[in-house]
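# An overview of the molecular structure
Single-letter residue listing:
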Amino acid sequence: MALPKINPSQTAVWQKLQTHFETMQATSMQDLFASDETRAEKFHIQWNDFLVDYSKNIIRQETLDLLLNLAKEVQLKEAISSYFQGDLINQTENRAVLHTALRAKASANILVDGINVMPEVYSVKNKIQNFSNEVISGNRKGFTGKAFTDVVNIGIGGSDLGPAMIVEALQFYKNHLNVHFVSNVDGDHVNEVIKKLNPETTLFVIVSKTFTTQETLSNAETIRSWFLQSASQVDVAKHFVAVSTNIQKVTEFGINPDNVFPMWDWVGGRFSLWSAVGLSISLVVGFDNFDKLLKGANEMDEHFKTESFDKNIPVILALLSIWYNNFFGAESEALIPYTQYLQRLAPYLQQGIMESNGKSIGRDGKPVNYQTGTIIWGEPGTNSQHAFFQLIHQGTKLIPTDFIGFKQSLYGNKDHHDKLMSNFFAQTEALLMGKTEVQVKGEFEKQGVSDEKADFLLPFKVFSGNKPTNTILINQLTPESLGALVAMYEHKIFVQGVIWNIFSYDQWGVELGKQLANSILAEIESKEVKSHDSSTSFLLRKFLE
Ligand code: F6P
């Protein structure tokens, strides 16, 4: 069944939310907390080793009830069933959306065109496992008989961001293999990577679902030419493997068909790290850890699929985000992990969230009359505190923020972890409570600040607070908890796309630039500027001068 085509702003509950918003926008969370000591008890979800406290949001029970009704009115439950059972919900590309099948149990029965995909999923998983074991153990060797020491992932977008984020996040679990990522078509990027490598001991993983992406093919060709300066054509088969749906193009590139890891058109690029696109993850943290990552994601899938909406983490996070985006007019959300390991989580989710839900045409083919996709940004705490937190605390924009922290660090350095986590808790408290005039005056008195100076400084030192945050507290950063965390955001994206009545799994918007780049490249190469707008023609002529 296709997803329903319901304009959320035409639902009865949307109007009620609008009316409710008029009162809530003047409500302060400080008052809500003062009048209800059990607020955190009410507004949190404990699931496995995840604690999600969403009490620091500008909501009452009535808000949640209305938002949950919205989910009902847009038929979210039915949409979730369609998503998991492989219906063609990506209608503009006539595809199912089944990254969840990649982490489902072998016994699952998930049909695409009437055929259970699980045997094929597990056969590719076995191939990933065998290949990873061979490389890690050193049994698989390069063209001079040496074991591999380095792995280079050549891909872009979903064929780069996921593996790069996970490999960074799971550094603690890493083996002896060094890993590198080449994505940008900028030749300086590939050259900087190449200069660190020894062709005899480097394995190249070309990842491209379509195997037509300009950036990836250019980088792969440049690297192959560099490799061939030291090796011969037959050695390419030993050092280059590919992950793609386009077996024909991969073979044309010179890759041995045995070294091709298939994927399927029902896996979107930005949701593909769970497939063979994650080969570099499996290589550098081992297949067992890769499998644990998948297991954690599968547990989140089960939670999302089966839990009632009022206790369902992705659903609640999505509804809160809609509350701010569509009623408060918040344009962006920040995501602050309190671990350096997750420094690439925000860039990774930028593709997931913004490529999926950056759409302005509804599933009914008409322009939407409300805001869709949020802008996502963030950096790890505490670095971000010393960079952009000023704007979140005292700027004019409302920026709902997710704080992600862990009870235990990985190396067990208690002193550092206590300091890190005290900042984690302090920030959400400060964003909630702010600092009142009375508090500031009290501080001035204690410090003996003169009246004149105090009067001047007072307005600058007051913090209004009332800034919404979600706190996601997890026991430890493990492959399982990371898998669950990423899946949590994937399902949040899905819920929001369903409610906004948009197609979240296509990305036509990135096509136009690609097409124009191809024709401009021909003009640059021939030095013949054709007809463009006057600015582009002017710039091209200057570039060619
Ligand atoms: O940016 C557009 C996009 O199509 C992404 O969705 C995808 O992840 C990326 O390009 C790379 O595509 P491919 O894996 O086919 O090279």
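All residue numbers refer to position in the chain's written sequence, counted from 1. Local features in a predicted model are, by the rule used here, given only for residues with pLDDT of at least 70; side-chain atom pairs are given and counted only at 80 or more, and totals for whole chains, interfaces and linings are based on all residues.

## So, the UniProt feature "active site" (unreviewed entry) in the protein
The feature "active site" (unreviewed entry), as annotated in UniProt, sits at Glu355, His386 and Lys514 in this numbering. The annotated residues occupy 160 residues of the chain and do not converge on a single region, their most distant C-alpha atoms lying 37.2 Å apart. The buried category is assigned to Glu355, around which 22 C-beta atoms lie within 10 Å. Distance between backbone-placed C-beta atoms decides contact: two residues are in contact if it is within 7 Å. Once you skip the residues sitting within four places of it in the chain, Glu355 turns out to touch Arg270 and Gln507. The exposure class of His386 is exposed, given the 10 C-beta atoms found within 10 Å. UniProt positions are given in the numbering used here, feature names are shortened, and annotations may be inferred rather than shown by experiment. Each residue is classified by how many other C-beta atoms fall within 10 Å of its C-beta atom, where C-beta atoms are placed from the backbone; a count of 20 or more means buried, 12 or fewer means exposed, and values in between mean partly exposed.

## Some words on the nonpolar core
A set of buried residues qualifies as a nonpolar core if it consists of Ala, Val, Leu, Ile, Met, Phe, Trp, Tyr and Cys joined through C-beta atoms within 7 Å. Residues Ile154, Ile166, Val205, Val243 and Leu319 are the most contacted members of the largest nonpolar core, which totals 140 residues. Going along the chain from the N terminus, every DSSP run of H or I of four or more residues is numbered as a helix, and every run of E of two or more is numbered as a strand. Here this core takes 13 residues from helix α20 (residues 479-500), the largest share from any one element. Here the limits of each domain have been adopted from an automatic or database domain assignment. The residue makeup of this core includes at least three contributed by each of domain 1 (8-74 + 307-413 + 468-506) and domain 2 (99-290). Excluding its chain neighbours within four sequence positions, the residues that come into contact with Ile154 are Val182, Phe204, Val205, Ile206, Val207, Thr216, Asn219, Ala220 and Ile223.

## Section: the pairing of strand β2 (residues 50-53)
One face of the sheet, then the other: side chains in a regular strand alternate in exactly this way. Strand pairing requires that DSSP identify at least two bridges connecting the strands. Inspection of the sheet shows strand β1 (residues 44-47) paired to β2 by 4 bridges, in the antiparallel sense. Residue pairing in the sheet places His44 in a bridge with Asp53 of β2. Here β1 hands over to β2 after 2 residues, with Asn48 in that stretch at a positive phi of 45 degrees. For β2 and strand β13 (residues 469-476), the ladder comprises 4 bridges, and the chain directions are antiparallel. Across the sheet, residue Phe50 finds its bridge partner in β13, namely Ile474.

## Here we look at α20
Every helix has an expected span of 1.5 Å times one less than the residues it contains. Taking 1.5 Å per residue as the helical rise, α20 with its 22 residues ought to reach 32 Å, and the 32 Å between its terminal C-alpha atoms agrees with that figure. Of all 22 residues making up α20, 22 are buried, and the element is well covered by its neighbours. Immediately beyond the C-terminal end of α20, within one or two residues, lies Asn501, with a positive phi of roughly 60 degrees.

## Section: the sheet that holds β1
Here 6 strands make up an open sheet; going across it, the order is β1-β2-β13-β12-β10-β11 and the pairing mixed. Only two strands of the sheet have a single neighbouring strand rather than two, namely β1 and β11 (375-377). Each strand axis lies, on average, 15 degrees off the axis of its neighbour in the sheet, ignoring direction. Comment: axis = line fitted to C-alpha atoms, over the contacting stretch for helices; angle = value between 0 and 180 degrees taken between N-to-C directions. Sheet contacts for helix α15 (residues 345-357): β10 (332-337) and β11; angle to β11, the most-contacted strand, approximately 170 degrees.

## Re the sheet that holds strand β7 (residues 202-207)
Here 5 strands make up an open sheet; going across it, the order is β6-β5-β7-β8-β9 and the pairing parallel. For this open sheet the edge positions go to β6 (178-182) and β9 (260-262), each flanked by a neighbour on one side alone. When strand polarity is set aside, the average angle formed by the axes of neighbouring strands in this sheet is 20 degrees. Along the sheet face, helix α9 (residues 214-228) touches β5 (150-154), β6, β7 and β8 (240-244) and points at about 145 degrees away from the line of β5.

## Notes on the environment of Ser137
Tracing the backbone shows Ser137 in helix α6 (residues 118-137). The exposed category is assigned to Ser137, around which 9 C-beta atoms lie within 10 Å.

## Description of the site of the ligand
Nearness here has a simple definition: the residue's C-beta atom, placed using the backbone, must lie within 6 Å of the molecule or strand. Near the ligand, the surroundings consist of 14 residues, among which Gly157, Gly158, Ser208, Thr213 and Gly269 are the closest. Three categories are distinguished: nonpolar for Ala, Val, Leu, Ile, Met, Phe, Trp, Tyr, Cys and Pro, charged for Asp, Glu, Lys and Arg, and polar for the others, with Gly belonging to the last. A breakdown of the residues in the shell around the ligand according to their chemical character gives 2 nonpolar, 9 polar and 3 charged.

## Things to note about the pairing of β13
Counting buried residues in β13 gives 6 out of 8 residues, a clear majority hidden from the surface. Judged from the 7 bridges that link them, strand β12 (residues 401-408) and β13 form a sheet pairing that is parallel. Note on β13: the bridge partner recorded for Ile404 is Ile472.

## Side note on the environment of Val449
Along the chain, Val449 turns up in the loop between α18 (437-447) and α19 (451-461). When neighbours within four sequence positions are excluded, Val449 is seen to be in contact with Phe444 and Ala454.

## A look at α15
Relative to the 18 Å expected for 13 residues at 1.5 Å per residue, α15 spans 17 Å between its end C-alpha atoms, a close match to the ideal helical length. Extensive coverage of α15 is indicated by the burial of 10 of its 13 residues. Among the residues of α15, those classed as buried are Leu345, Ala346, Tyr348, Leu349, Gln351, Gly352, Ile353, Glu355, Ser356 and Asn357. Its buried side turned inward, α15 meets α7 (161-169), β10, β11 and α20.

## Side note on the domain arrangement of the protein
Assigned domains within the protein: domain 1 (8-74 + 307-413 + 468-506), domain 2 (99-290) and domain 3 (509-544). Once you take the C-alpha centre of each, domain 2 and domain 3 turn out to be 33 Å apart.

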